[in-house]
Amino acid sequence: MTAHTPPPDPPAVQAMVRESGYEISEVQAELLAVYLRLLEQWNTRINLVGPRKWPQMLSQLVADSWHLAALLQELQWPHQCQSLDLGAGAGLPGIPLRLFWTHGRYTLVEIRQKRVAFLHNALAQMELPGTAIHHGRAEELPETLLPAHLVLSRAFMPWHQLLPLAGSLLDKTGRLIILSNTPARQEMFAERARLVQVRPYQIGDQTRYFWVLDRLARV
Ligand SMILES: C[S@@+](CC[C@H](N)C(=O)[O-])C[C@H]1O[C@@H](n2cnc3c(N)ncnc32)[C@H](O)[C@@H]1O
């Protein structure tokens with residue numbers, strides 16, 4: 001018999017986030033609860049994410065986003081910053097990220113129709129600032145979305161394939177941030193990119209990493 005988990009309610013969400021060392025507002029907790037409820041509901045019909053219950057979704061998947069927001073807040077971005085979240089899937093890291101980092105214009109790029117339908121549904125209920133969806137291939141983005149100042153990749157494609165694609169999308173001062181379970185070293189990239197920093201962060205007992213890259217070759 002599986003234990004019953006009550007639906008996500010904002011105080012429980014806020015308390016779980018606090019346990020991980022971050023403070024979020026009541027409004028942010030309400031919107032996160034909306035997102036988690038939608039994820040639980042849609043995940044029974046289409047394959048969106050591995051965890052089936054919201055506490056695991058929050059602690060294992062959504063948690064990356066508030067760590068990422070903390071990093072993005074430390075970096076300088078142009079006023080008209082254009083961000084691309086490639087292969088957004090169920091909206092990770094982008095949908096929760098936009099609750100905590102609202103700068104510029106942010107586009108969730110996703111190729112699969114059902115996932116795009118989920119993203120539209122989530123955005124309609126959450127009204128995130130400056131956030132849009134592009135249904136299509138990351139390799140065929142319209143000029144209106146380019147050049148990007150930030151490209152984000154979480155479980156999208158292997159980094160060695162991603163580098164030339166991101167290089168073709170980024171402004172010359174733009175950055176690529178890869179969410180990874182392993183650290184990185186400059187030698188991995190040689191002349192293809194500069195590794196500006198590798199930021200470790202803790203999710204439960206697992207260490208994860210943000211790789212921040214710039215000066216990507218346009219090959
Ligand atoms: C493994 S999922 C990761 C989703 C999300 N970023 C996450 O971390 O949960 C990869 C996603 O990329 C999408 N995708 C794969 N190739 C793509 C492409 N060329 N352009 C846009 N999206 C693509 C897939 O449909 C899928 O939703």
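Every chain's residues receive numbers from 1 upward, in the order its sequence appears when written. Side-chain atom pairs in this predicted model are given and counted only at pLDDT of 80 or more, local residue features only at pLDDT of at least 70, and totals for whole chains, interfaces and linings cover all residues. Water and hydrogen atoms play no part in the side-chain values, which are based on all heavy atoms of the structure.

### Side note on the pattern of salt bridges
We apply this condition: Whenever Lys or Arg places a side-chain nitrogen within 4 Å of a carboxyl oxygen from Asp or Glu, that contact is recorded as a salt bridge. Burial classes: relative accessible area under 20% of the type maximum marks a residue as buried, over 50% as exposed, and values in between as partly exposed (1.4 Å probe, protein chains only).
Taken as a whole and judged by the stated rule, the model has eight salt bridges. Of the charged contacts, one joins Glu139 and Arg137 as a salt bridge, the two residues approaching to 3.6 Å between their closest N and O atoms. A relative accessible area of 40% places Glu139 in the partly exposed class. Arg137 gets classed as partly exposed once you look at its relative accessible area, which sits at 36%. Where Arg137 meets Glu140, a salt bridge forms, and the shortest distance between an N and an O atom there is 3.3 Å. The class for Glu140 is exposed, based on a relative accessible area of 55%.

### Brief notes about the site of the ligand
Using the following cut-off: Being near a molecule or strand, for a residue, means having at least one of its heavy atoms within 4 Å of it. Identification of polar contacts relies on pairs of N or O atoms within 3.5 Å, with a donor-acceptor requirement for protein atoms, meaning one able to donate a hydrogen and the other able to accept it, and with residues adjacent in sequence counted only if both atoms are side-chain atoms. Surface accessibility in these figures is a Shrake-Rupley result with a 1.4 Å probe; residues are shielded only by whichever protein chains are displayed.
With respect to spatial proximity, 15 residues lie near the ligand, and among them Gly87, Leu92, Glu110, Arg115 and Arg154 are the closest. Separating a nitrogen atom of the ligand from a backbone N or O atom of Gly87 is a distance of 2.8 Å. Here a nitrogen atom of the ligand and a backbone polar atom of Ile111 are 3.4 Å apart. Protein burial of the ligand: of its 590 Å² of free accessible surface, 79% is covered by the chains.

### Brief notes about the packing of helix α2 (residues 26–43) against helix α3 (residues 54–74)
Here is the rule we go by: The angle between two axes is taken between their N-to-C directions and runs from 0 to 180 degrees, where each axis is a line fitted to C-alpha atoms and a helix contributes only its stretch in contact. Each helix is a run of H or I in the DSSP string that is no shorter than four residues. Each strand is a run of E no shorter than two, and both are numbered from the N terminus. Oblique is the label for any angle not under 35 degrees, not over 145, and not in the 65 to 115 range, which are roughly parallel, roughly antiparallel and roughly perpendicular in turn. Working rule for contacts: check all heavy atoms of both residues, and any pair within 4.5 Å makes them a contact. In this classification, Asp, Glu, Lys and Arg are treated as charged, Ala, Val, Leu, Ile, Met, Phe, Trp, Tyr, Cys and Pro as nonpolar, and every other residue, Gly included, as polar.
Closest axis-to-axis distance for the α2/α3 pair is 10 Å, and the angle between their directions is 110°. Here α2 lies roughly perpendicular to α3, going by the angle between them. Where α2 abuts α3, its residues Leu32, Tyr35, Leu36, Leu39, Glu40 and Asn43 lie against Trp54, Met57, Leu58 and Val62. Of the residues in the contact of α2 with α3, the class split is eight nonpolar, one polar and one charged.

### Topic: the sheet that holds strand β2 (residues 105–110)
The strands that make up a sheet pair up through hydrogen bonds in the backbone, lying either parallel or antiparallel. Selection rule: The pairing criterion for strands is at least two bridges between them, as found by DSSP.
Reading across from one edge, β3-β2-β1-β4-β5-β7-β6 is the order of the seven strands in this open sheet, with mixed pairing throughout. Strands at the two margins of the open sheet, each flanked by one partner only, are β3 (131–135) and β6 (194–203). The sheet shows a mean angle of 20° between the axes of neighbouring strands, taken without regard to direction. The sheet contact formed by strand β4 (residues 148–154) and strand β5 (residues 170–180) spans six bridges and is parallel. In the sheet register, Arg154 faces β5, and the bridge partner there is Leu179. Sitting on the sheet, helix α5 (residues 113–126) is in contact with β2 and β3, with an inclination near 165° to β3. Lying on the sheet, helix α6 (residues 159–169) is in contact with β1 (82–86), β4, β5 and β7 (206–214); it crosses β5 at an angle near 150°.

### With respect to the packing of aromatic side chains
Each aromatic ring pair is described using two quantities: the centre-to-centre distance and the angle formed by the ring planes. To keep things clear, this is the line we draw: Pairing of aromatic rings covers Phe, Tyr and Trp, the last through its six-membered ring, and needs centres within 6.5 Å; plane angles under 30 degrees mean stacked, over 60 mean edge-to-face, and all others mean tilted. Working rule: Lys NZ or Arg CZ, within 6 Å of ring centre, within 35 degrees of ring normal, means a charge sits over the ring.
With the rule as written, the count across this model stands at nine aromatic pairs. Taking 5.4 Å as the distance between ring centres and 70° as the angle between the ring planes, the aromatic pair formed by Trp42 and Phe118 counts as edge-to-face. Of this pair, Trp42 sits in helix α2 while Phe118 sits in helix α5, placing them 76 residues apart in sequence. Each member of the pair Trp42 and Phe118 is classed as buried. With a centroid separation of 6.3 Å and 65° between ring planes, the pair formed by Trp159 and Trp211 is classed as edge-to-face. Of the two residues, Trp159 is situated in helix α6 and Trp211 in strand β7; the sequence distance between them amounts to 52 residues. The exposure class assigned to Trp159 is partly exposed, which follows from its relative accessible area of 22%. Judged by its relative accessible area of 3%, Trp211 is buried. Connected via pairs of aromatic rings, a cluster forms that spans Tyr22, Trp66 and Phe100. Looking at Arg45, its charged tip hangs above the ring of Trp42, at a distance of 5.0 Å from the centre.

### Focus: the UniProt feature "binding site: S-adenosyl-L-methionine" (unreviewed entry) in the protein chain
What counts, and what does not: UniProt positions are given in the numbering used here, feature names are shortened, and annotations may be inferred rather than shown by experiment.
UniProt records the feature "binding site: S-adenosyl-L-methionine" (unreviewed entry) for Gly87, Leu92, Ala138, Glu139 and Arg154 in the present numbering. Residue placement: Ala138 occurs in the loop between β3 and β4. A relative accessible area of 4% means that Ala138 is categorised as buried. Excluding residues within four positions of it along the chain, Ala138 makes contact with Leu86, Val109, Phe156, Leu165 and Leu169. Turning to its location among the elements, Glu139 is positioned in the loop between β3 and β4. Not counting residues within four places of it along the chain, the set of residues in contact with Glu139 comprises Met157 and Leu165.

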